[in-house]
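Each chain is listed here by its residues.
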Amino acid sequence: MARYPSISLFFPAWNEEDYVERAVSRALEVLPKLTDDFEIIVVNDASTDRTQEVCDALAAKVPQLRVITHPVNLKLGGAMRTGLAASTKDLVLYSDIDLPWDMRELERALHLMSYLEADMICAFRFDRTSEGSKRIVYSFVYNLLIRALFDIQIKDVNFSFKLMHRRVLESMELKSQGSFIDAELVVKAIRKGFRVFQMGVDYFPRTRGISTLASPSVILKMVKELVSLYPETRSPPPPGTPVRLPPSVQPLRPVQGQAGRG
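Residues numbered from 1 in each chain as written. Predicted model: local features only at pLDDT ≥ 70, side-chain atom pairs only at ≥ 80, totals over all residues. Heavy atoms only, no water.

Taking an unreviewed UniProt entry as the reference, the protein is identified by name as Glycosyltransferase family 2 protein belonging to Corallococcus aberystwythensis.

Written out as structure tokens, the structure reads:
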């Protein structure tokens with residue numbers, strides 16, 4: 001019997017050939033110990049390296065793995081919306097594919113979600129000094145801005161460890177195309193009255209490849225989206241197109257790479 005409800009875990013991936021196999025392997029070490037009903041989704045955001053090849057090889061061996069491929073690069077926002085929409089289980093977990101947190105922390109998050117009757121658990125990093133002073137300053141200013149503008153107390157809004165119940169996704173629409181999507185997701189959940197709690201985790205920086213999330217172009221786009229989406233994010237209207245349709249609703253067309261759910 002499963003100890004916890006069914007779980008969808010999804011990873012956005014853009015040129016992550018060095019991390020895909022490691023991420024799926026770690027997930028397969030942890031998820032079967034927590035539930036007997038899970039899926040792993042990799043959203044390949046038009047990678048130009050061997051990410052697709054590695055994903056296809058893994059999918060041929062791992063029945064719980066689904067790979068969804070974007071023909072054009074849709075950035076983090078597009079990859080996250082695809083992953084969230086493609087999820088089919090009761091609980092949905094989002095993580096960067098370089099695993100900046102120990103996957104074994106998921107059991108603690110599930111326990112907190114059950115004990116606190118939470119709708120979402122957001123993790124924050126205990127110590128991120130290994131990232132360097134520039135990224136620490138960027139993150140501090142951005143989190144301070146989000147807390148002030150939206151009157152929330154989330155410590156590390158862009159950290160990629162968010163566990164949520166499907167009802168959160170079925171009640172909101174996400175518009176961000178870039179890295180503002182993390183803040184949009186969390187703020188809208190809080191504004192809609194969902195119970196959102198935080199937990200601290202140890203942070204493990206990327207050891208392969210290069211992260212582009214602190215590049216000037218990414219930061220500029222994040223600020224632009226913050227300005228344009230501020231009114232809707234602070235006072236979210238009823239969703240025209242929910243991130244994820246309730247099981248009883250048949251979508252007009254299937255998500256790319258995924259059969260429609262009835």
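What follows picks up the thread again.
A count of helical and extended segments in the protein gives 8 helices and 7 strands. Among the 262 residues that make up the protein, the fraction classed as buried is 50%. Long-range contacts, defined as pairs at least 24 residues apart, comprise 81% of the intrachain contacts of the protein with a sequence gap of at least 6. Carbon and sulfur atoms make up 56% of the accessible area of the protein, which totals about 12,400 Å². (Helix = DSSP H or I, 4+ residues; strand = E, 2+ residues; numbered from the N terminus. Buried < 20%, exposed > 50% of the residue type's maximum accessible area, 1.4 Å probe, protein only. Contact = heavy atoms within 4.5 Å. Areas by Shrake-Rupley, 256 points an atom, 1.4 Å probe, with all protein chains shown as cover.)

Positionally, Pro 231 belongs in helix α8 (residues 216-234). The class for Pro 231 is exposed, based on a relative accessible area of 52%. Sequence separation between Pro 231 and Phe 150 is 81 residues, and the spatial gap between their C-alpha atoms is 9.9 Å.

Turning our attention to the pattern of salt bridges. Scanning all chains against the criterion turns up 13 salt bridges. Note that Glu 39 is salt-bridged to Arg 66, the shortest N-O span being 3.0 Å. Here Glu 39, found in strand β2 (residues 38-44), pairs with Arg 66, found in strand β3 (residues 65-69); they are 27 residues apart in sequence, far enough to count as distant. In this structure, the salt-bridge partner of Lys 188 is Glu 184, at a minimum N-O distance of 2.8 Å. Here Glu 184 and Lys 188 lie together in helix α7 (residues 181-191), a separation of 4 residues that amounts to about one turn. Put simply, Lys 175, Glu 184, Lys 188 and Glu 232 are held in one network by salt bridges that share partners. (Salt bridge = Lys/Arg side-chain N within 4 Å of Asp/Glu carboxyl O.)

All right, on to a nonpolar patch on the surface then. A surface patch of nonpolar side chains, amounting to about 480 Å² of accessible area, comprises Val 137, Tyr 138, Phe 140, Val 141 and Leu 144. Relative to the helices and strands, Val 141 is located in helix α5 (residues 133-150). (Patch = residues over 30% accessible without salt bridge, like charges linked within 9 Å, V, L, I, M, F, W, Y side chains within 5 Å.)

What follows covers the packing of α5 against α8. Where α5 meets α8, the axes come as close as 12 Å, and the angle between the chain directions of the two elements is 15°. Between α5 and α8, the crossing angle belongs to the class labelled roughly parallel. For the element pair α5 and α8, the recorded crossing hand is right-handed. Here α5 contributes Tyr 138, Tyr 142, Leu 145, Ile 146, Leu 149 and Phe 150 to the contact with α8, which in turn contributes Ile 219, Met 222, Leu 226, Tyr 230, Thr 233 and Arg 234. (Axes fitted to C-alpha atoms, helices over the stretch in contact; angles between N-to-C directions. Parallel < 35°, antiparallel > 145°, perpendicular 65-115°, else oblique. Left-handed = near helix turned anticlockwise from the far one by under 90°.)

Quick look at the environment of Leu 28 now. When you line up the elements, Leu 28 lands in helix α1 (residues 20-34). Its relative accessible area of 29% is what places Leu 28 among the partly exposed residues. For the pair Leu 28 and Gln 64, spaced 36 residues apart in sequence, the C-alpha to C-alpha distance is 9.1 Å. Once residues within four sequence positions are removed from consideration, Leu 28 is found in contact with Phe 38, Ile 40, Val 62 and Gln 64.

Here the focus is the nonpolar core. Core analysis: the biggest nonpolar cluster contains 41 residues, and Phe 11, Phe 161 and Leu 163 have the highest contact counts within it. Sorting elements by how many residues they give to this core places α1 first, with 7 residues. Excluding anything up to four places from it in sequence, Phe 11 contacts Ala 23, Ile 40, Ile 41, Val 42, Val 43, Ser 95, Asp 96, Ile 97, Leu 99 and Met 103. (Core = buried A, V, L, I, M, F, W, Y, C linked by side-chain atoms within 4.5 Å.)

Turning to unusual backbone geometry, a few remarks are in order. With phi around 55°, Asn 15 is a residue other than glycine that occupies positive phi space. As for its position among the elements, Asn 15 is in the loop between β1 (7-13) and α1. Of note in this structure, Lys 75 is not a glycine but carries a positive phi near 65°. Tracing the backbone through its elements, the reader meets Lys 75 in helix α3 (residues 75-86). Exposure remark for Lys 75: the relative accessible area of 47% places this residue in the partly exposed category.

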